[in-house]
Amino acid sequence: MEHRVRVERAIKRLPVDQIPCGELVITDELVQTMFTQTVPQFGHRLEFVNAMGLDAVCLHPNCGYRKQSIPCSKDVIFSDLSNWVKTDLFTFAVIDGPIGWAGKLLGFEQLMMQLGRRTSDFCEFIATIETLNKELIERLAGSGINGILLADDIAYNQGVIARPALLRELIFPSLAVQAEYAHQFSLPVFFHSDGNLTMVLEDIAAAGFDGLQCIESLAGMDIGEVKRQYGHKLCLWGNLDPAELIEPRSLQQLEQTVKQIITAGGNNSGLIFGTCSGLFENMRLDSVQAVYEMARRKAI
Amino acid sequence: MTVLKLLANAISELDEPLALELVKKGLKLGISPLNIVEECRNGLVSVGDRYSRGEYFLGDLILSSEIFSQIMDNLNPVIEPNKKKPFIGKIVFGTIEGDIHDIGKNLVGSLLRCYGFEVYDLGVDVSPDKFIMALTESGAPVLCLCTLLSPGFEAMKRTIQLVRLIERNMKIKILIGGLVSEKVREYTGADAWVDDARRGVDICLQWSQELAQK
């Protein structure tokens, strides 16, 4: 089964020949550890992804625009997009949601106050981000991208940052519009947020997302429980604690961890295996390779 | 219900327009501004309690502090100049070297500012020498370090060791937060640890009181 087909089937919660693997982020510094070149290029990144046996990659927008204001969609560049879509990998484009943009542009306190006060400025801000993202989705669909990952950190390790009712009133409707827009181009959409999302899982599923990425175990997210409650609606992606790949671990320990995630997360249906954080330079490459290999073997 | 009780209740309910209106009304009735401030604090305590019970969320804590701040702006012209702005103390804050997580830091930093601390937020991936420089320049007696990565404990320990070297006779209080525990506190040599934003603020408030009494 091709990488792309495998991920597509996992998203549709259909049986797959092996559990697909994917990562939200892979830093160039980690890629660099495999090569002697100082600046990794597309070829190096692809070789790294293939060496790890990943099925899906995430493309992040470059900051080719001023960070002080909301950019025009044409100024948002996804590096090497044309090269990535020519591979047989499933390609996700990562776009930020209104909370993410507000955090960057207004600062955390202003974001929280404007959200809490339901200011008209903030409602306009949400609408502007919605328009930006719809334009991006349309452009990305035309460029051959396979899926969208809408990233909006609405939670931290103790729960959501604002009242669920407030998120339900102001944020989720906009996210739902964006997800629906992507569906019009036949693009599946995942939602990403760090933290404990337990109180809004129903809203995430109701917003029409095809999957949930991150499922941060350290924040108390229980992938088995999420699977039990929303596995019929959402494909789950992530849950592996990055510390497992940073700290020294025996193969037996890693196998146990992988087995737990795979068993709880759905085995060969509706699961994409990966970390909840992405891959960073301080991770042990041998451990990284080992966990993907174990996930692929599935017979653990 | 008296204006003051209604005010505490309005803050507790996060009813910003009503709270501001009640402050104006209270002033017109000749209620002492300091009594108004005291009642505001009761309202804030109630918000804090509701947060602790899981009834309120982080955004509510920040909003309540902002309401208080606006009330203080209204009261400032009638309060003695030296009581204009509550200033609790200075704090240097940052995510340690090798870690780029910032949400926990932002949460606690925001709350600390709301409670009257002057927070020197150094950002993420902060090297030990930058913490030292900020402590030296600001004269802050409290340092807050956070990490969500276990390899960060080494950088945390290095930073704390350096701080202990430069602090001389002024013992700098060090609070660690994020993915930490009592074991990590012992390992790094910090004074306290938290995994909850509100608790972090409580500890800093307690330390400030202790320092003020010295």
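Just so we're clear, the structure is a prediction, and the values are computed from it rather than from any experiment.

A separate point is the environment of Ile174 of chain B. You can see Ile174 of chain B is positioned in strand 4 (residues 173-178). When sequence neighbours within four positions are dropped, the list of residues in contact with Ile174 of chain B reads Leu143, Leu145, Ile160, Val163, Arg164, Ala190, Asp191, Ala192 and Trp207 of chain B.

This next bit is on the layout of surface pockets. If a probe the size of a water molecule is rolled over the atoms, the empty space left behind becomes visible. Residue and element names in this part refer to chain B. Size it by volume and the second largest pocket reaches roughly 420 Å³. For the second largest pocket, the lining is made up of 16 residues, of which Arg41, Ile88, Tyr115, Leu205 and Gln209 are closest to its centre. The set of elements that each furnish at least two residues to the lining of the second largest pocket consists of helix 3 (33-52), helix 4 (58-75) and helix 9 (197-213). Looking at the lining of the second largest pocket, the element that brings in the most residues is helix 9, giving six residues. Partitioning the lining of the second largest pocket into residue classes produces nine nonpolar, four polar and three charged.

Moving on to the sheet that holds strand 3 (residues 142-147) of chain B. All names here are of chain B. An order of 2-1-3-4-5 is seen for the five strands of this open sheet, with the pairing classed as parallel. Bordering the open sheet on either side are strand 2 (117-121) and strand 5 (192-194), each of which pairs with just one other strand. Geometrically, the sheet is characterised by an average inter-axis angle of 25 degrees between neighbouring strands, direction not taken into account. Bridge analysis of strand 4 against strand 5 gives three bridges, and the strand direction is parallel. Bridge pairing links Leu175 to Ala192 in strand 5.

What follows deals with empty space enclosed by the protein. Residues and elements named next belong to chain A. Under the definition given, this model contains one cavity of 30 Å³ or more. Looking at the largest cavity, its volume works out to about 50 Å³. Taken together, ten residues form the lining of the largest cavity, with Pro61, Val76, Asp96, Trp101 and Leu136 sitting closest to its centre. With three residues, the single largest contributor to the lining of the largest cavity is helix 7 (residues 120-142). Residues that form the lining of the largest cavity fall into these classes: seven nonpolar, one polar and two charged.

All names here are of chain A. Inspection of every chain in the model, using the stated rule, returns nine aromatic pairs over all chains. With 4.8 Å between their ring centres and 45 degrees between their planes, Phe90 and Phe92 make a pair best called tilted. The exposure classification of Phe90 matches that of Phe92, with both residues buried. For the pair Phe191 and Phe209, a centre-to-centre distance of 5.2 Å together with 45 degrees between the ring planes defines the contact as tilted. Taken together, the positions of Phe191 in strand 8 (residues 189-192) and Phe209 in the loop between helix 9 (201-206) and strand 9 (211-214) put the pair 18 residues apart, joining distant regions of the chain.

With that settled, the discussion passes to the pattern of salt bridges. Counted by the stated rule, this structure contains 23 salt bridges over all chains. Salt bridges sharing common partners tie together Glu13, Arg50, Arg53 and Glu55 of chain B.

Below, the discussion takes up the confidence of the model for chain B. Residues and elements named next belong to chain B. Taken over all residues, the pLDDT of chain B has a mean of 85, while the share at 70 or more is 94%. Mean pLDDT per element in chain B: helix 5 (residues 103-114) is the minimum at 74, and strand 5 is the maximum at 94. Across the interface, the model reports ipTM at 0.80; the global pTM reads 0.80.

Residue and element names in this part refer to chain A. Orientation of helix 10 (residues 223-230) relative to helix 12 (residues 251-265), taken along the N-to-C sense of each, is 15 degrees, at an axis distance of 8 Å. Considered as vectors, helix 10 and helix 12 are oriented roughly parallel to each other. Considering the relative orientation of helix 10 and helix 12, their crossing is right-handed. Residues Ile223, Gly224 and Lys227 of helix 10 form the contact with helix 12, whose participating residues are Ile261, Ala264 and Gly265. Here the residues of the contact of helix 10 with helix 12 are counted per class, giving three nonpolar, two polar and one charged.

All names here are of chain B. One can describe the packing of helix 1 (residues 3-12) onto helix 2 (residues 16-28) by two numbers: an axis separation of 9 Å at closest approach and a directional angle of 160 degrees. Here helix 1 lies roughly antiparallel to helix 2, going by the angle between them. Crossing hand, helix 1 versus helix 2: left-handed. When helix 1 is examined against helix 2, the residues Val3, Leu6, Leu7, Ala10 and Ile11 are found in contact with a partner set consisting of Leu18, Ala19, Leu22, Val23 and Gly26. By residue class, the composition of the contact of helix 1 with helix 2 is nine nonpolar, one polar and no charged.

A few words now on the pairing of strand 4 of chain B. Residue and element names in this part refer to chain B. Pairing analysis gives six bridges linking strand 3 to strand 4, with the strands arranged parallel. In the sheet register, Cys146 faces strand 4, and the bridge partner there is Gly177. Regarding topology, helix 8 (residues 182-188) serves as the crossover connection from strand 4 to the parallel strand 5, and that connection is right-handed.

Once that is clear, we can look at the nonpolar core. Counting 136 residues, the largest nonpolar core has Ile148, Ile204, Phe209, Leu212 and Phe273 of chain A together with Ile71 of chain B as its most contacted members. In contact with Phe209 of chain A, not counting residues within four places along its chain, are Leu150, Leu175, Ala179, Val189, Phe190, Phe191, Ile204, Lys233 and Leu234 of chain A.

Contacts between the two partners involve 21 residues from chain A, matched on the other side by 23 residues from chain B. Across the chain A/chain B interface, buried area totals approximately 2000 Å², and carbon plus sulfur atoms make up 62% of it. Its salt-bridge partner being Glu16 of chain B, residue Arg117 of chain A comes within 2.6 Å of it at the nearest N-O pair. Between the two partners, chain A and chain B, sit six residue pairs in polar contact (both at pLDDT 80 or more). Secondary-structure elements contributing two or more residues to the side of chain A that touches chain B are helix 6 (108-117), strand 6 (155-156) and helix 11 (243-246) of chain A. Broken down by element, the side of chain A that touches chain B gets its largest block of residues, six residues, from helix 6 of chain A.

What counts and what doesn't
- Residues take numbers from 1 onward in each chain, read along the sequence in its written order.
- Labels are handed out in written order, letters beginning with A for the chains and numbers beginning with 1 for the ligands.
- Since the coordinates come from a predicted model, pLDDT governs what is reported: local features require at least 70, and pairs of side-chain atoms require 80 or more to be given and counted, while whole-chain, interface and lining totals use all residues.
- The side-chain numbers reported here are obtained from all heavy atoms of the structure, hydrogens and water having been left aside.
- Helix and strand labels come from DSSP, where a helix needs a run of H or I of at least four residues and a strand needs a run of E of at least two; each type is numbered from the N terminus.
- Only heavy atoms matter for contacts: two residues are in contact if any of them lie within 4.5 Å across the pair.
- Cavity: a set of points on a 1 Å grid over the protein atoms alone where a 1.4 Å probe fits but cannot get out. Pocket: an open set with protein on both sides within 12 Å along at least five of seven lines, its lining residues, like those of a cavity, having an atom within 4 Å of a point.
- Grid points are joined across faces, edges and corners, and a volume is the space filled by probe spheres set on the points.
- Lys, Arg, Asp and Glu make up the charged group, whereas Ala, Val, Leu, Ile, Met, Phe, Trp, Tyr, Cys and Pro make up the nonpolar group; the residues left over, Gly among them, are polar.
- For two strands to be treated as a pair, DSSP must find at least two bridges joining them.
- For helices, the fitted line uses only the C-alpha atoms of the stretch in contact; every axis is such a line through C-alpha atoms, and the angle between N-to-C directions lies from 0 to 180 degrees.
- When the centres of two rings from Phe, Tyr and Trp lie within 6.5 Å, Trp using its six-membered ring, the rings pair. Their planes under 30 degrees apart give stacked, over 60 give edge-to-face, and anything left gives tilted.
- For each residue, the accessible area found with a 1.4 Å probe, counting protein chains only, is set against the maximum for its type, and the residue is called buried under 20%, exposed over 50%, and partly exposed in between.
- Salt bridges are counted wherever a side-chain nitrogen of Lys or Arg sits within 4 Å of a carboxyl oxygen of Asp or Glu.
- Confidence scores here are pLDDT values: one per residue, from the predictor, ranging 0 to 100.
- Any angle from 65 to 115 degrees is called roughly perpendicular, while one under 35 is roughly parallel, one over 145 is roughly antiparallel, and all others are oblique.
- The hand of a helix crossing depends on one turn: near helix anticlockwise from the far one by less than a right angle means left-handed, and clockwise means right-handed.
- Orient the strands so they point away from the viewer; a crossover is then right-handed if the path from the first strand over the helix to the second runs clockwise.
- Side-chain atoms within 4.5 Å link the members of a nonpolar core, which is a set of buried Ala, Val, Leu, Ile, Met, Phe, Trp, Tyr and Cys residues.
- Accessible surface is computed with a 1.4 Å probe, and the buried area is the amount of it that two parts give up when combined, taken over both parts together.
- In protein, a polar contact means a hydrogen-donor-capable atom and an acceptor-capable atom, both N or O and within 3.5 Å, with residues adjacent in sequence counting only if both atoms are side-chain atoms; elsewhere, any N or O pair within 3.5 Å suffices.

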